[in-house]
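Here's the letter readout for the chains.
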Amino acid sequence: GARQDSLIDIGQQVGFSLEPAADSLKMADSYYQNCGQLEAIHQKLVEQLRANGLLDIYQRIELPLTKVLAAMELNGIKVDQAWLAGLAGEWQTKLAELTQKIYQQAGQDFNINSPKQLQVVLFDDLKLVSKGLSKTKSGPSTDAANLQKLQQQHPIIELIIEYRELSKLLNTYALSLPKLINRDDGRLHANFQQAITATGRLSASEPNLQNIPTKTEIGKKLRQAFITDPGCQLISFDYSQIELRIMASLANEQGMIADFVAGQDIHLATAAKINDIPLDQVSDQQRRAAKAVNFGLLYGQGPHGLAEATGLSYGAAKDFIDQYFVVYPRIAEYMNEAVDQARRLGFAATVWGRRRYLPDLDSPNQAIRRAAERMAINLPIQGTAADIMKAAMIAVDDWLADNFDQRQARLILQIHDEILIEAASEKVDKIIAAVPKLMTDVIDLAVSLAVSTKTGFNWAEL
């Protein structure tokens, strides 16, 4: 969970008194003295890893992964700069139109990007009801979650939500990406970090491609800008519902395991069981609620969160969750056991032993303690998914290196539960035939992993 990763910080962590140079004359001496202790620091850290059962995950996953990530950074992803420029112009025009529509609904001009001015317009001028919204120092919050709650009260809300998404994509991507594109190869070379998130998941920056929305039309338009070299295709390999499969396996929940083994739509099967009806009688609303519970429980969501996500009343959401635990009793037991074990040990761990220390499990502050309890439930699931993805990337990269040269096939992106390969069109079939098994074979769980595959000539087609 620490963010301090300089040599001085790491040295002090294991008992070495490294100091930054006090002035420029001593910088060389300080530099050589500190570097001279690298081997000793390394040895101390290795001893710590060995003592905590973490040396294997370091040597088998984290170290080999550094080479994979370095290659991905060097590979980059091709960008259609003309498409991006056209998109930026289109969105600037659209944003100007939205601005005028918002002004018309508000009956005045104001700074839409100012939370304070937006509060005044919504709650003082338009008299929207703020009951049930979270608060800031200056009044009711106008963050995304609260705007969703206000959607039925006034047409201005939908316009503001659209304005914000468009503004973010325009400024963060359409206008910024051209500045990051390498002039020599026309490709974006993102930075991948393996030691940033507390769960072990990878993160990306400059740009962060993980935040591009997948389901909205404007998000898809942006993804169209990511293309391949001539004669190549993109191939997406996506773990299907990996965290739910891990949760069913860790909890040893036989009902859910059986549904996965039978190849059922897990959300449909969950809804049918909770409502005690046949699969073909499950409504879209019932499946949506079941899906919200299945995923919400991974993050410790309660009745309040489910009610917000589905539109159910608080009472109906509570009944739904209660019935869920009747249908899947081992899930509830697993959640309680995960919290108890983390409180006893002081940390939660993944299947392969990666730890997240959770001192806040003993906090006297209820909100802080509950947040730590949610982390204790989530880390073994999400952290194991992260470990699996890293192991899969290493296995896939090794196989690609053994079978193709860099121009024929290469790993270029990892996003959430998905990896992207750019490959020569004539090599695509061979890669699709081999990679899913490489990804599913990295771990043996009660529920087998599944990988879905898509191909396309740009990212939006995947």
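Look up: the structure comes first, before these words.
Being a predicted model, the structure only gives us computed values, none of them experimental. Position numbers for residues start from 1 in each chain and track the written sequence from start to end. With pLDDT at 70 or above as the cut-off, local features in this predicted model cover only qualifying residues; side-chain atom pairs require 80 or more to be listed or tallied, and sums for whole chains, interfaces and linings still use all residues. To get the side-chain values, all heavy atoms of the structure are used, and hydrogens and water are removed first.

**Some words on the overall build of the protein chain**
- Every helix listed is a DSSP run of H or I at least four residues long, and every strand listed is a run of E at least two residues long, numbered separately from the N terminus. Along its length, the protein chain carries 19 helices and 13 strands.
- Our radius of gyration is a C-alpha quantity, and the globule rule it is checked against amounts to 2.2 Å times the number of residues to the power 0.38. What you see for the protein chain is a C-alpha radius of gyration of 25 Å, in line with the 23 Å of a compact globule of 462 residues.
- Reported as C-alpha extents along the three principal axes, the dimensions of the protein chain are approximately 65 × 60 × 55 Å.
- Burial status across the protein chain gives 44% buried among its 462 residues. Only protein chains enter the accessibility calculation, which uses a 1.4 Å probe; a residue whose area is less than 20% of its type maximum is buried, one above 50% is exposed, and one in between is partly exposed.

**Let's talk about the layout of surface pockets**
- Computed from the structure, the largest pocket encloses a volume of approximately 1600 Å³.
- Think of a 1 Å grid over the protein atoms and nothing else: a 1.4 Å probe that fits but is trapped marks a cavity, an open set flanked by protein within 12 Å on at least five of seven lines marks a pocket, and residues with an atom within 4 Å of a point count as lining. If you go around the largest pocket, you meet 35 residues; those closest to its centre are G1, A2, Q13, L49 and A195.
- Contributing elements (two or more residues each) for the lining of the largest pocket: α1 (7–13), α3 (38–51), α4 (55–75), β10 (355–357) and α18 (366–403).
- Here the residues of the lining of the largest pocket are counted per class, giving 17 nonpolar, eleven polar and seven charged.
- Roughly 1200 Å³ of volume is contained in the second largest pocket.
- Lining of the second largest pocket is provided by 31 residues; of these, T214, K215, D238, K291 and D417 occupy positions nearest its centre. Grid points are joined across faces, edges and corners, and a volume is the space filled by probe spheres set on the points. Under the grouping applied here, Gly and all other residues not named as nonpolar or charged are polar, the nonpolar ones being Ala, Val, Leu, Ile, Met, Phe, Trp, Tyr, Cys and Pro and the charged ones Asp, Glu, Lys and Arg.

**Concerning empty space enclosed by the protein**
- One pass over the full model with this rule turns up one cavity of 30 Å³ or more.
- Every residue along the wall of the largest cavity is listed here: M72, E73, G76, I77, L188, H189, A190, F192, L209, I412 and L413.
- Secondary-structure elements contributing two or more residues to the lining of the largest cavity are α4 and β11 (409–415).
- Its residues assigned to classes, the lining of the largest cavity shows eight nonpolar, two polar and one charged.

**As for the packing of helix α17 (residues 329–345) against α18**
- Here an angle of 0 to 180 degrees is reported between the N-to-C directions of two axes, which are lines fitted to C-alpha atoms, with helices fitted over the stretch in contact. The interhelical angle for the contact between α17 and α18, taken along N-to-C directions, is 105°, at an axis separation of 9 Å. On the basis of their axis angle, the class for α17 and α18 is roughly perpendicular. Contacts between α17 and α18 involve Y334, M335, A338, V339, A342 and R343 from the former and R369, E373, A376, I377, P380 and I381 from the latter. Note that the term roughly parallel is reserved for angles under 35 degrees, roughly antiparallel for angles over 145, roughly perpendicular for angles of 65 to 115, and oblique for everything else. By the convention used here, residues are in contact when the closest approach between their heavy atoms is within 4.5 Å.

**A look at the packing of aromatic side chains**
- When the centres of two rings from Phe, Tyr and Trp lie within 6.5 Å, Trp using its six-membered ring, the rings pair. Their planes under 30 degrees apart give stacked, over 60 give edge-to-face, and anything left gives tilted. A full pass over the atoms with the stated rule returns six aromatic pairs.
- Relative to F404, the ring of W399 has its centre 5.5 Å away and its plane inclined at 75°; by these criteria the two rings are edge-to-face. Of the two residues, W399 and F404, neither departs from the other in class, the shared state being buried.
- One aromatic cluster is present, formed by Y324, F325 and Y328 through successive ring pairs.
- Here the basic side chain of R223 rests over the ring of W459, its NZ or CZ set 4.2 Å away from the ring centre. A positively charged side chain is recorded as over a ring if its NZ (Lys) or CZ (Arg) lies within 6 Å of the ring centre. The angle to the ring normal must also be within 35 degrees.

**Some thoughts on the nonpolar core**
- Counting residues in hydrophobic clusters, the biggest one holds 130 residues, and the most contacted among them are L122, Y239, I388, I431 and W459.
- Not counting residues up to four positions away in its chain, the partners in contact with I388 are Y239, I242, I246, W352, V442, I443, L445 and L449. Residues belong to a common nonpolar core when they are buried Ala, Val, Leu, Ile, Met, Phe, Trp, Tyr or Cys residues joined through side-chain atoms within 4.5 Å.

**Notes on the pattern of salt bridges**
- Any carboxyl oxygen of Asp or Glu that lies within 4 Å of a side-chain nitrogen of Lys or Arg is treated as forming a salt bridge with it. On inspection of all chains with the given rule, the structure shows 24 salt bridges.
- The closest approach of N and O atoms between D56 and R60, which form a salt bridge, is 3.0 Å. One end of the pair is D56 and the other is R60, both in helix α4 and four residues apart, which spans about a single turn.
- Look at D56 and you get partly exposed, because its relative accessible area is 44%.
- Owing to a relative accessible area of 40%, R60 belongs among the partly exposed residues under this scheme.
- R410 serves as the salt-bridge partner of E422, at 3.9 Å between the closest nitrogen and oxygen. Residue E422 is found in strand β12 (residues 418–424), and its partner R410 is found in strand β11; the two are separated by twelve residues along the sequence. Comparing E422 with R410, the two get one shared label, buried.

Functional significance is not addressed by these values, which are geometric in nature.
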